[in-house]
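Secondary and tertiary structure notes
In case you want the letters, here they are:
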Amino acid sequence: MKKQPNIKIFGTDGVRGKANLYPMTVETALALGRAAGKIFRTHIGKHRVVIGKDTRLSCYMFENALISGLCSMGIDTLMVGPLPTPGVAFITRAYRADAGIVISASHNPFYDNGIKFFSSEGFKLPDAWEEEMEALITSGSFEDSLPGDDDVGRNTKINDADGRYIEYVKATFPRKLSLKNMKIALDCANGAPYKVAPLVFRELDAQVFVYGNSPNGLNINEGCGSLHPETVQKAVIDHRADVGIALDGDGDRVLMVDENAQIVDGDTILAICARDLQKQGRLRHNKVVATVMSNFGFIKAMEKLGIEVIRSPVGDRYVIQDMLKHDANLGGEQSGHMIFLDHNTTGDGLVCALQVLRIMIETDSKLSDLAAIFTRYPQAVVNVKVNTKPPLDTLSAVNQARQNVEKTLGDSGRVLVRYSGTENICRVMVEGPKFKQVHEMATAIATAVESEIGAK
């Protein structure tokens, strides 16, 4: 019989797609649970997996399918319910489990969903393990690893996961400091942070005005959270708050808003925290990991401070890989994924926000003062929905448009064209000295993309 090629279901951030359509089907989730269970029994032997989720309606069916698959292979499962992705990574380490699984599509709309795995150390699973899962799902060969009749897995609900994670996050904030007299506008994106995030800041004595904390299964990321910071911008003005904090649907990214309602994005937060750690002598090897999307102004600011910038591909998975490779303890993305390896193994919006608040208090600074660390180069990003993702260098019209822009910009800017790792989107970014110019240039390249591979 001719060997079938492996089914490709993993992308750059686990499995993701529209719920109930391939690959995000109940059948796939069940098979993933069985494949993961077989791998864990083969490679590890502790037979325990933590499962968390965000607030999407479809999380219920995927949660049950994963649990069924894992238990059928003799793996005990520990349910934590809705909990931020970094909380699941923390609970996985705390329970010394084989792995953690998060059911979430992060910042995507409610009708999408995803499944991503963490190792026992709280990092993303190795690519080799994901490939092994795909091979197992292709072959369907699970029978040789079925447990005995009295050794199938048990499912247990962890009732104190929220409290454990809250205490862990608070422990990253110095005990001698307090958020007393600080007004915070907080947007939880109607997602996984909706319960724990307000408690973290209130238990540190802040006055908190909460938005996006009424999930109904359908409103996650809808007009709220880090994708729609205008909600928290208005809240800062309405409540005369000192700072605004906007999380995303699974709580692993954050954008902040200063007292003037100006957005402070991931690049600025990364610069603020890098300078602070450098001053404390805690910025390991005087390096920070950013991505190819990071603003050119950020790069110049770090150069001025003598901080080396390692630029990784877009995606927190790649940022973390480069952090481990270069032994760096700080990395992040413009979108708001901030990784503090001294505290957690993945992006953590709450930990990040507390670090910025700590710096504000210790330096007696407003967020707008800290955000003045660099001058941002005008940057235009245009997203184009595409039907397929052929190699970009095979698209003649796109390459010609890009070359025209690069010739015009010379050394005064840069161009980046790339596919999203989680959506059928091509992202076009142009950076240069004048906003109108870069916007027109990005639009010209995007038009070429749309003409060749745009979704009809």
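Structure's up top.
Quick look at the structure, then. Only a predicted model underlies this, so the values are computations on that prediction, with no experimental measurement involved.

1. Remarks on the nonpolar core
- By size, the foremost hydrophobic cluster in this structure holds 71 residues, and its most contacted members are F201 and L357.
- Take this core: its biggest share by element is 9 residues, from helix α11 (residues 349-362).
- Not counting chain neighbours up to four residues away, the residues in contact with F201 comprise L179, I184, L186, A206, V208, I245, L350, A353, L354 and L357.
- Formed by 35 residues, the second largest nonpolar core is a distinct cluster that contains A29, V49, I51 and W129.

2. Description of the sheet that holds strand β2 (residues 48-53)
- On the basis of which strands lie adjacent, the open sheet formed by 6 strands has the order β1-β5-β4-β2-β3-β6 and mixed pairing. At either margin of the open sheet sits one strand with a lone partner, and together these are β1 (15-18) and β6 (155-157). Recorded for the sheet is a direction-independent mean angle of 20° between the axes of neighbouring strands.
- Packed on one face of the sheet, helix α1 (residues 26-43) meets β1, β2, β4 (99-103) and β5 (112-119) and runs near 5° to β5.

3. Things to note about a nonpolar patch on the surface
- A surface patch of nonpolar side chains, amounting to about 500 Å² of accessible area, comprises L57, Y60, F110, Y111 and L218.
- Within the element layout of this structure, F110 appears in the loop between β4 and β5.
- The exposure class assigned to F110 is partly exposed, which follows from its relative accessible area of 31%.

4. What about the packing of α1 against helix α2 (residues 59-72)?
- Remark: α1 packs on α2, axes separated minimally by 7 Å, with the N-to-C direction vectors making an angle of 35°. Helix-helix and strand crossings are classified by hand; for α1 and α2 the assignment is right-handed. Here V26, A29, L30, L32, G33, R34, A36 and G37 of α1 lie close against α2, whose contacting residues are M61, F62, A65, L66, S68, G69, L70 and S72.
- Its residues assigned to classes, the contact of α1 with α2 comprises 10 nonpolar, 5 polar and 1 charged.

5. Topic: unusual backbone geometry
- That bond from Y22 to P23 is cis: its omega, 10°, falls within 30 degrees of zero.
- Positionally, P23 belongs in the loop between β1 and α1.
- Phi at A189 takes a positive value of approximately 65°, unusual for a residue other than glycine.
- Tracing the sequence through the fold places A189 in the loop between β7 (183-187) and α6 (196-203).
- With a relative accessible area of 0%, A189 lands in the buried category.
- Even without being a glycine, N221 presents a positive backbone phi close to 65°.
- Here N221 shows up in the loop between β8 (207-211) and α7 (230-239).
- Residue N221 is classed as buried on the basis of its relative accessible area, which comes to 6%.

6. Here's the deal with the packing of aromatic side chains
- Taken as a whole and judged by the stated rule, the model has 7 aromatic pairs.
- These aromatic residues form a ring-pair network of at least three members: F90, Y165 and Y168.
- The side chain of K18 reaches across the aromatic face of Y111, ending 5.6 Å from its centre.

7. Some remarks on the pairing of strand β13 (residues 308-312)
- In this structure, strand β12 (residues 287-291) lies alongside β13, joined through 5 bridges in parallel fashion. Opposite A290, over in β13, you have R311 as the bridge partner.
- Crossover connection from β12 via helix α9 (residues 296-305) to parallel β13: handedness right-handed.

8. Description of the environment of L218
- Checked against the element boundaries, L218 lands in the loop between β8 and α7.
- Overall, the relative accessible area of 40% leaves L218 in the partly exposed class.
- Those residues in contact with L218 that sit more than four places away from it in its chain are L57 and F110.

9. Re the side chain of N221
- Of the polar contacts made by the side chain of N221, one reaches the backbone nitrogen of G249; its length is 3.1 Å.
- Setting aside chain neighbours within four positions, we find N221 in contact with R56, S106, H107, N108, A189, H228, D248 and G249.

10. Quick word on the pairing of strand β9 (residues 243-247)
- Taking burial as the measure, the 5 residues of β9 include 5 buried ones, the bulk of the element.
- Side chains V243, I245 and L247 of β9 all project onto a buried face; the interleaved residues G244 and A246 project onto the opposite face, where all are buried too.
- Where β7 and β9 come together, 4 bridges link them in parallel fashion. Residue pairing across strands places D187 opposite A246, the latter belonging to β9.

11. Observations concerning helix α4 (residues 127-139)
- Over its 13 residues, α4 extends 19 Å from the first C-alpha to the last, a length consistent with the 18 Å expected when each residue adds 1.5 Å.
- What α4 keeps buried is the set W129, E130, M133, E134, L136 and I137. The arc that holds the buried residues of α4, viewed along the axis, is 160°, so those residues lie on one side.
- Residues of α4 that are buried sit in contact with α1, β5 and α10 (316-325).
- One or two residues past the end of α4 sits G140, with phi positive at roughly 65°.

12. Comments concerning the state of the cysteines
- Overall, the coordinates contain 0 disulfides when judged by the stated rule.
- C188 provides the cysteine sulfur closest to C224, a residue in no disulfide bond, and the two sulfurs are 9.3 Å apart.
- Looking at the unpaired C352, the closest cysteine sulfur is the one in C273, lying at 5.3 Å.

13. Focus on the pattern of salt bridges
- The tally for this structure, following the rule as stated, stands at 25 salt bridges.
- With a closest N to O distance of 3.3 Å, R284 and D327 form a salt bridge. A residue pair is termed long-range when its members are at least 10 positions apart, and R284 in the loop between α8 (266-280) and β12 and D327 in the loop between α10 and β14 (330-332) qualify at 43 residues.
- Taking the relative accessible area as the measure of exposure, D327 reaches 36% and is therefore partly exposed.
- Connected through shared salt-bridge partners, R282, R284, D327 and D342 make up one network.

Cut-offs used in this document
- Residues numbered from 1 in each chain as written.
- Predicted model: local features only at pLDDT ≥ 70, side-chain atom pairs only at ≥ 80, totals over all residues.
- Heavy atoms only, no water.
- Core = buried A, V, L, I, M, F, W, Y, C linked by side-chain atoms within 4.5 Å.
- Buried < 20%, exposed > 50% of the residue type's maximum accessible area, 1.4 Å probe, protein only.
- Helix = DSSP H or I, 4+ residues; strand = E, 2+ residues; numbered from the N terminus.
- Contact = heavy atoms within 4.5 Å.
- Pairing = 2+ DSSP bridges.
- Axes fitted to C-alpha atoms, helices over the stretch in contact; angles between N-to-C directions.
- Patch = residues over 30% accessible without salt bridge, like charges linked within 9 Å, V, L, I, M, F, W, Y side chains within 5 Å.
- Areas by Shrake-Rupley, 256 points an atom, 1.4 Å probe, with all protein chains shown as cover.
- Salt bridge = Lys/Arg side-chain N within 4 Å of Asp/Glu carboxyl O.
- Left-handed = near helix turned anticlockwise from the far one by under 90°.
- Nonpolar A, V, L, I, M, F, W, Y, C, P; charged D, E, K, R; others polar.
- Phe/Tyr/Trp six-rings, centres within 6.5 Å; stacked < 30°, edge-to-face > 60°.
- Lys NZ or Arg CZ within 6 Å of the ring centre and 35° of its normal.
- Right-handed = clockwise from strand over helix to strand, strands pointing away.
- Polar contact = N/O pair within 3.5 Å; in protein donor to acceptor, adjacent residues only side chain to side chain.
- Expected span 1.5 Å × (residues − 1).
- Arc of directions from axis to C-beta.
- Disulfide = S-S within 2.5 Å.

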